[in-house]
Amino acid sequence: MSIGKPAKDPKTGRFLPRVPGAGTPARTRARKAVRTKLGELFLEDMLSAWQSRGAAAIHALIEKSPHDFLKAVASLMPKDVNVNVNQIGEMTDEQLLERIRKLDQTIKPFLAAQGADGAGDGDRAAAEQQ
């Protein structure tokens, strides 16, 4: 068996899978190293181009093809956005009690200003002082 060619099953003629690390040709390792280096250089060049002309390219795209600009923006957005405005469901009992106590302290002056039945002026002076 030569290093460059994969082994074949003598009965079926099918290629046998290579065992990673065992006898991996140096040429394969060299290709991976070249591919890695090429990728790094490409990304460095892209960064340089972006830094010098990225904003101008965006503005040109907006002017010439707003539809394509919107497609590009949409492709950058996450597919699934989970916005949890109501965090009460995730709070512990102690956290809920603390929240209720804070709300009670906040609204006490306003309740006093409305009066006991909510119809009158109540003690408006007490609410204004706090």
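Summarised in this report is the structure supplied together with it. Since the model is a prediction, treat every value here as computed from it, not as a measurement. (Residues numbered from 1 in each chain as written. Predicted model: local features only at pLDDT ≥ 70, side-chain atom pairs only at ≥ 80, totals over all residues. Heavy atoms only, no water.)

Moving on, we come to the overall build of the protein chain. Counting secondary structure elements, the protein chain contains four helices and zero strands. In the protein chain, the order of α-helices and β-strands from amino to carboxyl end is α-α-α-α. Taking all 130 residues of the protein chain together, 5% fall into the buried category. Within the protein chain, contacts between residues at least 6 apart in sequence are counted, and of these 0% link residues at least 24 apart. A total of about 11,900 Å² of accessible surface is found on the protein chain, and carbon and sulfur atoms cover 60% of it. (Helix = DSSP H or I, 4+ residues; strand = E, 2+ residues; numbered from the N terminus. Buried < 20%, exposed > 50% of the residue type's maximum accessible area, 1.4 Å probe, protein only. Contact = heavy atoms within 4.5 Å. Areas by Shrake-Rupley, 256 points an atom, 1.4 Å probe, with all protein chains shown as cover.)

In this structure, Arg14 sits in the segment before α1 (26-64). Those residues in contact with Arg14 that lie beyond four places of it in its chain are Ala7, Lys8 and Asp9.

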